[in-house]
Amino acid sequence: MSHLTERTILELRDGVPVDADASAHLDECAVCRTALEEAEARSVDIASALTDLDEGFDVASAREAVAARLAGRATTAGGGRRPSARAPFWTLGRAATFLLLTTGALSALPGSPVRDFISSRSLDPPAPSALMPAPIEPVGMRMSVQDGPVIVELDQVPPGTSIEVLLVPGSSVAVRAAPGSSFSSAQGRMQATIVGGPVTVEFPDAIDEVSLTVNGRTYLSRKDGNLLFGFAPEQDPEGIRFIVP
Amino acid sequence: MDFNTTFDEEYLPLVRYCHRLSGDRDTAEDVAQEAMVRLFEHGVEGSSAGVRAWLFKTATHLIRDRYRVEGNRMRLLRENPVMTTDPETPDAALERTENRARARRALDAMPARDREMLLMRYSGFSYREIADTVDVAATSVGTLLARAEHRFTSVLAAAGEPA
């Protein structure tokens, strides 16, 4: 039998089951025993070198951060997959248009039950109730830009807040967030103090140099067409989404 | 699955692995925490070994995705202050810093897959679990791992020699 392959030597070292022939060969072959000893020594050296890389990590703080992220997502997402920022606008818009056109057409017909239904109801909007809360409209700011760089800075963003980033056609940058958030802008820079999410940031697709900073930390930047992430985004097929830790 | 128990058992090895893999402390903490969040969000159940394998695989993919969009540019030789509870002499601290830089340089010189395999092996995973994470046949792991080890030790040795 020829000498054992390097693969078999490593499998022997690492306790992976190998052919009985290989074990038998090892008993008889000094060359392969030496190779195994070298592999074992190499293993010790590598483990030692890798240990040198280790640092101290604060487990208690990390535990709290993970618990906060979980709580934030449960609040933000309602336990299910979050819809994309674009889909609800389109879907709701189409549904509303269809409803208006259908209702209008039916109510125009004399004797229509829809006409009777409408005439029997007050035209005043219903008062908000616990079962039907008033919809919360996001607030925001839009700013026209001619060229880069474009910088968006979000401050005081609460943990667990969802931030959706969209690259959109046109030449304006926009930020939307929960009511109570405040916004200001200067040349190529938009700043916002965020009280809650979900937050949507729109960058113009035509501008090559953009960046998004959240609570003092760069989450995303774009330069020469390449997106760079300073913070891991959610994998969302419809966009880029961050959850603030 | 108890949150505190699972967290305390799994977080430290996970964040160390992420740190070794990414070379960046912030990235390691972000990714390890994200993997833990997903573990509980998805309600992953199973043996302790199974949960750990799931976490490491998720973290590996998160780091891979992050660096893929950055054009696979690993941050090189990021020097972080040594955190230790033992008093250390200046010479020992210097030696430790140099050793760390050498190990980092050796890891960064490796192809991504080799690096992932090496770090998973030295985090205690079986060949089958490594194969599952890096998408290679289990029978190829020994060969690929041998190559990765030789590459790592050769760069490590070269980095230790005077220029």
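Below, the structure is looked at part by part. Owing to the predicted nature of the structure, the values given are computational and were not obtained by experimental measurement. (Residues numbered from 1 in each chain as written. Chains lettered and ligands numbered in written order. Predicted model: local features only at pLDDT ≥ 70, side-chain atom pairs only at ≥ 80, totals over all residues. Heavy atoms only, no water.)

Observations concerning the overall build of chain B
- Each helix and strand in chain B was counted, giving seven helices and zero strands.
- Scanning chain B from its N terminus toward the C terminus, one meets helices and strands in the order α-α-α-α-α-α-α.
- Within chain B, the proportion of its 163 residues that are buried is 48%.
- Partitioning the intrachain contacts of chain B with sequence separation of at least 6 by distance along the chain shows that 66% fall at a separation of at least 24.
- By element, 51% of the accessible surface of chain B is carried by carbon and sulfur atoms, the whole surface being about 7,500 Å². (Helix = DSSP H or I, 4+ residues; strand = E, 2+ residues; numbered from the N terminus. Buried < 20%, exposed > 50% of the residue type's maximum accessible area, 1.4 Å probe, protein only. Contact = heavy atoms within 4.5 Å. Areas by Shrake-Rupley, 256 points an atom, 1.4 Å probe, with all protein chains shown as cover.)

Focus on the pattern of salt bridges
- Summed over all chains, the structure comprises 24 salt bridges over all chains.
- The salt bridge involving Arg20(B) is made with Asp54(A); its shortest N-O contact spans 3.0 Å. Separated into two different chains, Arg20(B) in helix α1 (residues 3–22) and Asp54(A) in the loop between α3 (30–53) and α4 (59–77) make up a pair that spans both. You'll find Arg20(B) and Asp54(A) in the same group, each marked buried.
- The salt bridge involving Arg142(A) is made with Glu202(A); its shortest N-O contact spans 3.2 Å. A residue pair is termed long-range when its members are at least 10 positions apart, and Arg142(A) in strand β1 (residues 139–144) and Glu202(A) in strand β7 (residues 199–204) qualify at 60 residues. (Salt bridge = Lys/Arg side-chain N within 4 Å of Asp/Glu carboxyl O.)

Considerations on helix α5 (residues 112–121) of chain B
- Burial analysis of α5(B) places eight of its 10 residues in the buried class, which makes it a mostly covered element.
- Among all positions of α5(B), only Asp114(B), Arg115(B), Glu116(B), Met117(B), Leu118(B), Leu119(B), Met120(B) and Arg121(B) are buried.

Points about the packing of aromatic side chains
Residues and elements named next belong to chain A.
- In total, this model carries six aromatic pairs over all chains according to the counting rule given.
- Where Tyr219 meets Phe242, the ring centres are 5.1 Å apart and the plane angle is 70°; that geometry is what we call edge-to-face. With Tyr219 in strand β9 (residues 217–223) and Phe242 in strand β12 (residues 239–243), this pair connects stretches of sequence that are 23 residues apart.
- Taking relative accessible area as the criterion, Tyr219 reaches 3% and is therefore assigned buried. (Phe/Tyr/Trp six-rings, centres within 6.5 Å; stacked < 30°, edge-to-face > 60°.)

As for α3(A)
- The terminal C-alpha atoms of α3(A), which comprises 24 residues, lie 35 Å apart, in line with the 34 Å expected from a rise of 1.5 Å per residue.
- Considered for burial, the residues of α3(A) that qualify are Cys32(A), Leu36(A), Ala39(A), Arg42(A), Ser43(A), Ile46(A), Ala49(A), Leu50(A), Asp52(A) and Leu53(A). (Expected span 1.5 Å × (residues − 1).)

What about the sheet that holds strand β5 (residues 182–186) of chain A?
All names here are of chain A.
- Pairing within the open sheet is mixed, and its six strands lie in the order β5-β6-β2-β8-β9-β10. The open sheet terminates on both sides in strands that have one partner only, identified here as β5 and β10 (226–229). Direction aside, neighbouring strands of the sheet carry axes that sit 10° apart on average.
- As paired strands, β5 and strand β6 (residues 189–193) are joined by five bridges and run antiparallel to one another. Paired with Ser182 across the bridge in β6 is Thr193. (Pairing = 2+ DSSP bridges. Axes fitted to C-alpha atoms, helices over the stretch in contact; angles between N-to-C directions.)

Some points on the environment of His3(A)
Residue and element names in this part refer to chain A.
- With respect to the helices and strands, His3 occurs in the segment before α1 (6–13).
- Relative accessible area serves as the criterion here: at 47%, His3 is assigned to the partly exposed category.
- Separated by 27 residues in the primary sequence, His3 and Ala30 have C-alpha atoms spaced 9.9 Å apart.
- Leaving out residues up to four positions away in the same chain, His3 has contacts with His25, Cys29, Val31 and Cys32.

Points about the interface of chain B and chain A
- With 48 residues of chain B in contact, the opposing surface of chain A contributes 39 residues.
- Looking only at chain B, the three residues that lose the most surface to chain A are Arg20(B), Tyr122(B) and Tyr127(B), adding up to 12% of its buried area.
- Summed over the shared surface of chain B and chain A, the number is 10 salt bridges.
- Its salt-bridge partner being Glu149(B), residue Arg42(A) comes within 3.1 Å of it at the nearest N-O pair.
- If you list the elements that add at least two residues to the side of chain B that touches chain A, you get α1, α2 (25–41), α3 (48–69), α4 (90–108), α5 and α7 (141–160) of chain B.
- Element by element, the count of residues in the side of chain B that touches chain A is highest for α2(B), at 11 residues. (Buried area = accessible area lost by both parts, 1.4 Å probe.)

Here we look at the packing of α1(B) against α2(B)
Residues and elements named next belong to chain B.
- With their axes 8 Å apart at the nearest point, α1 and α2 run at an angle of 140° to one another. The chirality of how α1 crosses α2 is right-handed. Residues Phe3, Thr6, Phe7, Glu10, Tyr11, Leu14, Val15, Cys18, His19 and Ser22 of α1 pack against Arg25, Thr27, Ala28, Glu29, Val31, Ala32, Gln33, Ala35, Met36, Leu39 and Phe40 of α2.
- Grouping the constituent residues of the contact of α1 with α2 by class yields 13 nonpolar, five polar and three charged. (Left-handed = near helix turned anticlockwise from the far one by under 90°. Nonpolar A, V, L, I, M, F, W, Y, C, P; charged D, E, K, R; others polar.)

Some points on the pairing of strand β4 (residues 172–177) of chain A
All names here are of chain A.
- Judged by how many residues are buried, β4 sits mostly within the fold: five of six residues are covered.
- One ladder, built from six bridges, connects β1 with β4; its direction is antiparallel. Counterpart to Arg142 in the pairing with β4 is Ala174.
- Note: β4 against β7, three bridges, orientation antiparallel. Each residue of the ladder has a partner; that of Ala174, found in β7, is Glu202.

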